[in-house]
Amino acid sequence: MNEPQTVPPTKNNSATPDLSPTTRIEHDCIGKLAVPADAYWGIHTQRAIGNFPVSGVTDGDHPSLIKAYATVKRACAAANAELGLIDADKASLIEQACLEIENGGLADQFPVDVLQGGAGTSANMNMNEVIANRALELAGHQRGDYAFIHPNDQVNHSQSTNDTYPAACKLAIVDALHPLIDATEKLRQSFHDLADKHANDVKLGRTQLQDAVPMTFGQEFHAFASFLKLDIAAMERLVPDLTILNLGATAIGTGICADLRFRKAATEHLARITGLPITAAPDPLAAMTDMSAYIAASACLKNLAIHLKKAADDLRLLNSGPRAGFGDLKVPPRQAGSSIMPAKVNPVIPECVDQCCFTIFGMDVTVNWAAAEGQLQLNAFDPLIVHEILDGMRLMTNAMDMFRANCIEGIVVNLEAGREHALRSPSISAALNDAIGYEAASAIASESVASGRTIREVAAERTDLPAEELDRLLDPITLSRRLGQTCREHR
């Protein structure tokens, strides 16, 4: 099928419709309006194009949302046909049109701004109109011949924006979880590989930016991998909540205009089509304003961002130098870091990750505000919520792929500096507490700092502990593995 070339929209709220051959005239409760003749959308979409010229980001910029909405409409058409609520042949045409959209067809036909008013009504009518006009075309009818297949009477039968749009939003988030989890798992594995490589390489642990006790580079990298393992588990736990849907509840949850059998049939068809554990919300009215699943998805993204920021910030510190910083490791040099200081190289990849994380923190605030603004029987701000979450998921997916490929896989550890820092840390004197007492160990630590000598050297002079015992007590590898862990989960 050749997709149409979209004609630029006319001034679409004019009282006098454009009667040129490049347009067709449609009507709604407000009046008549010219629509581009080769557009699959109709008058409701055309009005929305003119009404919401704000962000420049359209519903079509979220392919997972368009795909999910077409899937919801296909399930509803199948349910309507099964129950005899619409003609079976027309339902089949609707389903064919939905399948085309699900497979990426007509992708340029969803031009409504994501920050639309109306709780997603424009998105719903855009979908209804595109499906109707493509179904008409499949049946050999002209676009706009709604006497045969109507966007409301057939495509939207037994439905409302208020039950189908949130369903599509939640399924879109579920769909976007797949690349997000994949990127998280790949980054987790990359940290694991780095940890395995440096399982026996000692370094200094630090608390509050002060010298602490020994650990291994492997343990440090493995901690980042463990964070991501928690994030993956949290993402997977989102699916059951995101698949509690409210089809058949229509306008406010009372099911007006829907056959009483439709709720069950539509839910079952959608579960069969998607293979997801989709169930109907137990309280349809409460489900209309319950934003719990969105809030959980946003919080999950925020926690992932916190973990990524932690890893990026730690790497920036450990990479600091090359003369006056920590110098524990080097992140890959990616570009010159100054327009005036020769040979300066900055940790640009971790810095980019940080900025992505800051964006997610803002996303979470936005989602929480929008979720909290659901007055009475509807929350009107699903469009903003799903846009922010889907954008955030895409951003995190890209950030993790970049972080892994352009930074983590090229990290070089400074083995000599790591061991030297570990041996010279005054805090290693804590290993002597049981043998000589805290006060004596503290005195050794103070002299070590003052003299610049190691704890081992000072302890040899100030205690009568045998050399073998000092070596055993102060062995950095032994000290780093008191709980038996290396750089994998303790089993």
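Residues numbered from 1 in each chain as written. Predicted model: local features only at pLDDT ≥ 70, side-chain atom pairs only at ≥ 80, totals over all residues. Heavy atoms only, no water.

Undergrad: I keep staring at the nonpolar core and nothing clicks. Help me out?
TA: Within soluble globular proteins, side chains that are nonpolar generally end up buried alongside one another. Among the nonpolar cores identified, the biggest contains 111 residues, and F221, L308, M396 and F403 are the most heavily contacted of them. Looking at which element gives the most residues to this core, the answer is helix α6 (residues 161-197), with 17 residues. Not counting residues within four places of it along the chain, the set of residues in contact with M396 comprises L180, L301, L304, A305, L308, C356, C357 and I360. Grouped together as the second largest cluster of nonpolar side chains are 12 residues, L432, A441, I455 and V458 included. (Core = buried A, V, L, I, M, F, W, Y, C linked by side-chain atoms within 4.5 Å. Buried < 20%, exposed > 50% of the residue type's maximum accessible area, 1.4 Å probe, protein only. Helix = DSSP H or I, 4+ residues; strand = E, 2+ residues; numbered from the N terminus. Contact = heavy atoms within 4.5 Å.)

Undergrad: What should I look at first to understand the pattern of salt bridges in this one?
TA: A side chain with one charge can pair with a side chain of the opposite charge if their charged atoms come near. Within this structure, the stated rule accounts for 27 salt bridges. For D354, the salt bridge identified is with R316, shortest N-O distance 3.1 Å. Of this pair, D354 sits in helix α11 (residues 348-371) while R316 is found in helix α10 (residues 292-319), placing the two residues 38 residues apart along the sequence. Classification of D354 as buried rests on a relative accessible area of 5%. (Salt bridge = Lys/Arg side-chain N within 4 Å of Asp/Glu carboxyl O.)

Undergrad: I keep staring at α10 and nothing clicks. Help me out?
TA: Helical geometry: 3.6 residues make up each α-helical turn, so side chains three or four residues apart lie on a common side. Its 28 residues give α10 an end-to-end C-alpha distance of 40 Å, which sits within 8% of 40 Å, the value for a rise of 1.5 Å per residue. Just downstream of α10 lies G321, where phi reads positive at about 150 degrees. (Expected span 1.5 Å × (residues − 1).)

Undergrad: What exactly am I supposed to notice about the side chain of T397 here?
TA: Considering the arrangement of structural elements, one finds T397 in helix α12 (residues 382-406). In this structure T397 comes out as buried when scored by relative accessible area, which is 11%. One polar contact links the side chain of T397 to the main-chain carbonyl oxygen of M393, over a distance of 2.8 Å. If sequence neighbours within four positions are ignored, T397 has contacts with P179, L180 and A183. (Polar contact = N/O pair within 3.5 Å; in protein donor to acceptor, adjacent residues only side chain to side chain.)

Undergrad: I keep staring at the packing of aromatic side chains and nothing clicks. Help me out?
TA: Aromatic ring pairs are reported here in terms of the distance separating the ring centres and the angle at which the planes meet. Inspection of the entire model under this criterion finds four aromatic pairs. With 6.0 Å between their ring centres and 50 degrees between their planes, Y69 and Y165 make a pair best called tilted. Of this pair, Y69 sits in helix α2 (residues 63-82) while Y165 sits in helix α6; the two residues are 96 residues apart in sequence, bridging distant segments of the chain. Neither Y69 nor Y165 differs from the other in exposure class; each is buried. An aromatic cluster is defined as three or more aromatic residues linked by ring pairs; in this entry it consists of F191, F224 and F403. Looking at R143, its charged tip hangs above the ring of Y40, at a distance of 3.9 Å from the centre. Over the ring of Y294 we find K170; its NZ or CZ atom is 5.6 Å from the centre of that ring. (Phe/Tyr/Trp six-rings, centres within 6.5 Å; stacked < 30°, edge-to-face > 60°. Lys NZ or Arg CZ within 6 Å of the ring centre and 35° of its normal.)

Undergrad: I would appreciate a short explanation of the side chain of N128 in the present structure.
TA: Relative to the assigned elements, N128 resides in helix α4 (residues 121-138). Of the residues examined, N128 reaches a relative accessible area of 0% and is grouped as buried. Polar contacts involving the side chain of N128 include one to the side chain of N156, which spans 3.3 Å. Not counting chain neighbours up to four residues away, the residues in contact with N128 comprise K73, P151, V155 and N156.

Undergrad: Explain the environment of N80 here, please?
TA: Take N80: it is sitting in helix α2. Here the alpha-carbon distance between N80 and N156, two residues 76 residues apart in the chain, equals 9.9 Å. Of note is the side chain of N80, whose polar atom sits 3.1 Å from the backbone oxygen of H157.

Undergrad: Would you take a moment to explain the pairing of strand β2 (residues 32-36) for this structure?
TA: Every other side chain in a regular strand lies on the same face of the sheet, so the side chains alternate between the two faces. The buried count for β2 comes to four of five residues, which makes it a mostly enclosed element. Across five bridges, strand β1 (residues 23-27) lies against β2 in antiparallel orientation. Directly across from I25, in β2, lies its bridge partner A34. The hairpin formed by β1 and β2 contains four residues between the paired strands, and G31 there has a positive phi angle of roughly 155 degrees. (Pairing = 2+ DSSP bridges.)

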